[in-house]
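# Chain and residue survey
If you want the building blocks of each chain, they are given just below.
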Amino acid sequence: MRRVDSPSLPFSKRTLSNGLDVIVHEDHHIPIVAVNIWYHVGSKNERPGRTGFAHLFEHLMFEGSEHHNSGYFPPLQQAGGVVNGSTNTDRTNYWEVVPTSALDLALWMESDRMGYLLPAVTQQRLETQRDVVLNERRQNYENRPYGYALMALAGALYPEDHPYHWLTIGATEDITAARLDEVHEFFRTYYHPANASLSLAGDLDAARGFELAERYFGDLPAGPVAEPARAAAALDRERRLVLEDRVQMPRIYMAWHSPAMFSEHDAELDLLGDLLANGKTSRLYRILVYEQRLALDVSAAQYSRELASFFLLAATASPGKSLTDIAAVIDAELARVADEGPSEAEMDRARAQTEAHFMYRIQTVGGFGGKSDQLNAYNVFRGDPGFFAADLARYRDATPSAVRDAARAYLRFDQRVLLSVVPRGQQALGLPGSDPVTVS
Amino acid sequence: MRVDRSQLPAVGPDPAFRFPRIVRHTLANGLSVRTVEHHTVPVVTFVMLIDGGVVSDPAGQEGLAAITADMVDEGTGDLSAIEVSESLAQIGAEYDVDVGADAVVFTLTTLERFMERGAGLLANLLIRPSLRREDFDRVRQMRLDRLRQLKDSPPAVAERAFLRLMYPDHPYGHLAIGNEASLRGLELERVAQCHRALFQPNRATLVVAGPMTHDALRQAAETAFGAWEASAERVASEVGDVVPRVEAPRLTVIPREGAAQSELRIGHLSARRNAPDYPSLLVMNAVLGGQFVSRINLKLREEKGFTYGARTGFDWRRRLSPFALQASVHSASTAEAIRDSLAELDGIRGPRPPTDTEMLLARASLTRGYPRNFETAQQVSRSVAQLALYDLPDTYFEELIPRVNAVSADDVVRAAQRYIDPARASILVVGDHPVIADSLESLGFGAPQIVSADV
């Protein structure tokens, strides 16, 4: 039995002649294989007025393809597989975890919807899935407390023509207006072997994995190489906004632009989020929730993305407590960490947690965040599936002074968005000087 | 070789899989220990299942078990709540508490090299929590605030009201968190008493899974929990069985002004987890609403476009458990979604028995992928804890597959006739009442019972 004391994620990689990257990781503990495909397309590849397409495709891709022109769930579930997919600003992923006996089936189906989807994307299918997506939007954003906050923040952080200005779910009017020819064009541009990465992890040997990948995907034509989305965004002042929502308690959000995924200071800001607000030991939890009881909860995280990231801090006021007082505590702590940096004890704790989490991450072969998904993430964003060890090293090697420098450089009071979400009709509960904002 | 795209590739025979062997031990103090060897990555999980939970909350003290469980990591010995959190972080541990209807389940996962520290810490928390007044005041206030926030979450509002409809006179009828009046009335001494009564070695089962021998796993359990002594405190009184009410309100509305969707629950008390025809119920639910490709989801989501997703399921308990459909539907479609749902509940009872295709799909999706639920130490130990909770045999996992595969379409119809009845289903809607009132009237259930969100 192989035992690892330091977590590792070994793999083999080949690129087919049509540009499809294929990665295989062997794990023979359980007779299952994870099939995971990333398309390097997300809502960042959409245009203003035409938002929500990448996510709409995530729905259409399960409805059928030319040679299997009906739902994708029945054959895979009947084979004992689980199936899912997700879309974010930067990428779309589709995956199955199947018994080894159904690996051919999963590859056949994934390759059919990569190569032969459009004949099955009809006006009627588009309309049905459009309705489902509108319901998803109602359920997860419109009918959920604080559900509009991220829309307001994205709108304030990024200018209108920036690819991160809209959320992945898209605008209601754009989803409603989506035309079949535009949807087809979007697919032809982004969903093809040269813009995709296939990762297989589980009870198979690498040679067989590559052979099957060649058999099912090898003759699909490469599409156009997509122009990488680029855009710049910056804040030149502090923007204060207030949003009314159906909530009991006001919540303050603070958002900053921060360095892109895997670039300098990305890991340090991730660690900073932990030491500020992850667990009872964290600085802000301890002061705001535990000692002073100004807040019911507090969170802080670096949201790492391909073009540029954002750092988001949020705290919900305890009944009767003011967002102004909460913001003052947060600002004092931000100033302190930018001045003194974290202690060695804080760094030790953060490192211990990170090492453990890297170990926990290699327990499953499939699904969101499993080994197949991680290999694709490293491959698509770094061009190197073997970045696991280097990724861990980013955290192991982070120093207190680097964390301090990151806080100093990025979490500036004069370049941020402060959003107060308040109960309806109670704008006065927002931070002073906030401009009302509406989203829909 | 070109791929034959004229048909889907055949699926081969199911690969062989051996479910983990479970070894049972009993410590001298009566603690039941189950060990499972799990040799993948150097990670170990401890799951402690304590008998009691929602069901052990006395009337008027709803939320007692949950707040007691919450107080466990608020300090032990010299360690404050903050220092407990620090100790967990130092070993990279994941700590979690789940307060269920019949049991409180604590889970601690850590790296193999921290196994002793993790087990020792968990034992100190569970056996010797500090239960300090200032921590109790803070934890209770946070729970009161949480309750207030839940009023804005339609699924939470629906869940709460639906349980009360199902169990008006039984402890099962409340959420683990309790209600505002009960939380305000709780005293720290009641929490201490609840802890003494519930947290006893002879009421608990410990499952340990990790990359070492059964003997080494048992030894770890013994070292940490061997000194746990029983107390003389007893649970207030035994809770009786559930008596289904004869006439439950048919239609209940919880108004939510301006809601974009209606949150639906449709169901009734149905079966017990240890029902002999449990495999038939699993297959029946899979066909009806237990998976993406089920009748309910295909009808309401794919055919009608009313919702992002609809499903049915059993909320299993040791005693009589509810069966319910849940969905969040576009307000304008509320009445039609209810009508369609009731028609599906009726259809599977005979008018539209499962087709061969549906049966194949349901059975296979329940059985063929089963091994994937045993990848991590945490998955394995939680599955084994479920066996302890429902008093199921150690051979349960391997026996379930042939039992499910033996279920016929007739079995499904029989199970549906016995356990599903749209005529006595309670229908609960959290939605924009003025917008949906007229169409609800067309359902013919008379004037709805109107309930406020803060039940």
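In this text, all values refer to a predicted model and were calculated from it rather than measured experimentally. (Residues numbered from 1 in each chain as written. Chains lettered and ligands numbered in written order. Predicted model: local features only at pLDDT ≥ 70, side-chain atom pairs only at ≥ 80, totals over all residues.)

Now for the overall build of chain B. When helices and strands are counted, chain B shows 16 helices and 14 strands. Here the C-alpha coordinates of chain B stretch approximately 65 × 65 × 40 Å along the principal axes. Residues counted as buried form 51% of the 455 residues belonging to chain B. Across chain B, contacts joining residues at least 24 apart in sequence account for 81% of those joining residues at least 6 apart. (Helix = DSSP H or I, 4+ residues; strand = E, 2+ residues; numbered from the N terminus. Buried ≥ 20, exposed ≤ 12 C-beta atoms within 10 Å, placed from the backbone. Contact = placed C-beta atoms within 7 Å.)

This part covers the overall build of chain A. Within chain A, the secondary structure is distributed over 15 helices and 12 strands. Taken over C-alpha atoms, the radius of gyration comes to 23 Å for chain A, in line with the 22 Å a tight globule of 440 residues would show. Taken along its principal axes, the extent of the C-alpha atoms in chain A is 60 × 55 × 35 Å. A burial count over chain A gives 55% of its 440 residues as buried. Contacts in chain A between residues at least 24 apart in sequence constitute 79% of all its contacts with a sequence separation of at least 6. (Rg over C-alpha atoms; globule rule 2.2 N^0.38 Å.)

Once that is clear, we can look at the nonpolar core. Residues V98, L153 and L419 of chain A together with M48, L122, L206 and V283 of chain B are the most contacted members of the largest nonpolar core, which totals 268 residues. Dropping the residues within four chain positions of it, L419 of chain A is found in contact with A149, A152, L153, L241, L243 and Y253 of chain A. (Core = buried A, V, L, I, M, F, W, Y, C linked by C-beta atoms within 7 Å.)

Turning our eyes to something else, we now look at helix α1 (residues 53-60) of chain A. With 6 of 8 residues buried, α1 of chain A lies mostly within the body of the structure. Packing partners of the buried residues in α1 of chain A comprise β4 (82-87), β5 (92-99), α4 (123-142), α6 (172-177) and α7 (180-190) of chain A.

Before going further, it helps to spend a moment on the interface of chain A and chain B. At the junction of the two partners, chain A supplies 66 residues and chain B supplies 60 residues. Sorting the residues of the side of chain A that touches chain B by element identifies α2 (73-78), β5, α3 (103-115), α4, α8 (206-217), α10 (283-291) and α12 (344-360) of chain A as the ones contributing at least two each. For the side of chain A that touches chain B, the class distribution of residues is 28 nonpolar, 22 polar and 16 charged. (Nonpolar A, V, L, I, M, F, W, Y, C, P; charged D, E, K, R; others polar.)

Even without a glycine there, the phi angle at F262 of chain A is positive, about 70 degrees. The residue D391 of chain B is not glycine, and still its phi comes out positive at about 55 degrees. Mapped onto the elements, D391 of chain B comes out in the loop between α13 (377-389) and α14 (396-405).

Residue and element names in this part refer to chain B. Interaxial distance between helix α9 (residues 278-288) and helix α12 (residues 356-367) falls to 9 Å at its minimum, and their mutual angle equals 115 degrees. You can see that α9 and α12 cross each other, and the crossing is right-handed. Judged by residue contacts, L282, V283, A286 and V287 of α9 engage E358, A362, R363, S365 and L366 from α12. Residue composition of the contact of α9 with α12, by class: 6 nonpolar, 1 polar and 2 charged. (Axes fitted to C-alpha atoms, helices over the stretch in contact; angles between N-to-C directions. Left-handed = near helix turned anticlockwise from the far one by under 90°.)

Our focus in this paragraph is helix α15 (residues 400-410) of chain A. When α15 of chain A is considered as a whole, its buried residues turn out to be V403, A406, A407 and Y410 of chain A. Along α15 of chain A, the residues classed as buried sweep out an arc of 95 degrees about the axis, all on the same side. (Arc of directions from axis to C-beta.)

Summing up the model confidence of chain B, the mean pLDDT is 95 and the portion of residues at 70 or higher is 99%. Both scores are given for the predicted complex: the pTM is 0.95, the ipTM 0.93. (pLDDT = per-residue confidence, 0-100.)

Take the pairing of strand β10 (residues 261-271) of chain B next. All names here are of chain B. Judged by how many residues are buried, β10 sits mostly within the fold: 10 of 11 residues are covered. In this sheet, strand β12 (residues 321-330) lies alongside β10 in antiparallel orientation, the contact comprising 10 bridges. Paired with Q261 across the strands is H330, a residue of β12. As paired strands, β10 and strand β13 (residues 426-431) are joined by 5 bridges and run antiparallel to one another. Looking at the pairing, R265 lines up with L428 of β13. (Pairing = 2+ DSSP bridges.)

So, about the pairing of strand β8 (residues 251-258) of chain A. All names here are of chain A. By the criterion of burial, β8 is predominantly enclosed, with 7 of the 8 residues buried. Two elements, β8 and strand β11 (residues 416-423), share 5 bridges in a ladder whose sense is antiparallel. When the sheet's bridge partners are listed, I252 is paired in β11 with S420.

Now for the sheet that holds strand β9 (residues 251-255) of chain B. Residue and element names in this part refer to chain B. Across the sheet, 6 strands lie side by side as β11-β12-β10-β13-β9-β14; this open sheet has mixed pairing. Of all strands in the sheet, those bounded by a partner on one side alone are β11 (307-314) and β14 (449-450). With 5 bridges joining them, β9 and β13 adopt parallel strand pairing. Within β13, the position partnered with P255 by the bridge is G431. Those strands touched by α9 are β10 and β11, and its axis lies near 165 degrees from that of β11. Docked against the sheet, helix α11 (residues 334-347) engages β10, β11, β12 and β13, running at close to 25 degrees with respect to β10.

For the rest of this paragraph, the subject is the sheet that holds β4 of chain A. Residue and element names in this part refer to chain A. Read from one edge to the other, the open sheet built from 6 strands follows the order β1-β2-β6-β3-β5-β4, with strand pairing classed as mixed. Each end of this open sheet is capped by a strand with a single partner; those strands are β1 (12-15) and β4. Averaged over all pairs of adjacent strands, the angle between their axes in this sheet comes to 15 degrees, without regard to strand direction. Both strand β3 (residues 32-39) and β5 contribute to a ladder of 8 bridges, which runs antiparallel. Bridging across to β5, I32 finds its partner in P99. Contacts from α8 reach β1, β2 (21-26) and β6 (196-202), with the element oriented near 150 degrees to β2. The strands touched by helix α13 (residues 371-382) within the sheet are β2, β3, β5 and β6, with β6 carrying the most contacts at an inclination of about 150 degrees.

Residue and element names in this part refer to chain A. Locating A213 in the fold gives a position in helix α8. For the pair A213 and D21, spaced 192 residues apart in the sequence, the C-alpha separation amounts to 9.6 Å. With residues up to four places along the chain from it excluded, the contact list for A213 reads L16, V22 and L198.

Next up on the list: the packing of α10 of chain A against helix α11 (residues 323-340) of chain A. All names here are of chain A. Interaxial distance between α10 and α11 falls to 11 Å at its minimum, and their mutual angle equals 155 degrees. It follows that α10 is roughly antiparallel to α11 by the angle criterion. Classified by chirality, the crossing of α11 by α10 is right-handed. Seen from α10, the contacting residues are R283, L284, I287 and L288; seen from α11, they are I326, V329, I330 and E333. Residue composition of the contact of α10 with α11, grouped by class: 6 nonpolar, no polar and 2 charged. (Parallel < 35°, antiparallel > 145°, perpendicular 65-115°, else oblique.)

Right, let's talk about the environment of M61 of chain A for a bit. Residue and element names in this part refer to chain A. In this fold, M61 is placed in the loop between α1 and α2. With 24 C-beta atoms packed within 10 Å, M61 lands in the buried category. If near-sequence neighbours (up to four positions away) are discounted, M61 is found in contact with G85, Y94, R113 and L117.

A separate point is the environment of A176 of chain B. Residues and elements named next belong to chain B. The residue A176 is located in the loop between α5 (154-166) and α6 (180-185) in this model. Given 20 C-beta atoms within 10 Å, A176 falls into the buried group. Put simply, A176 and A385 are 209 residues apart on the chain and 19 Å apart in space, counted from C-alpha to C-alpha. Contact partners of A176, with chain neighbours within four places excluded, come to G53, V54, A66 and V99.

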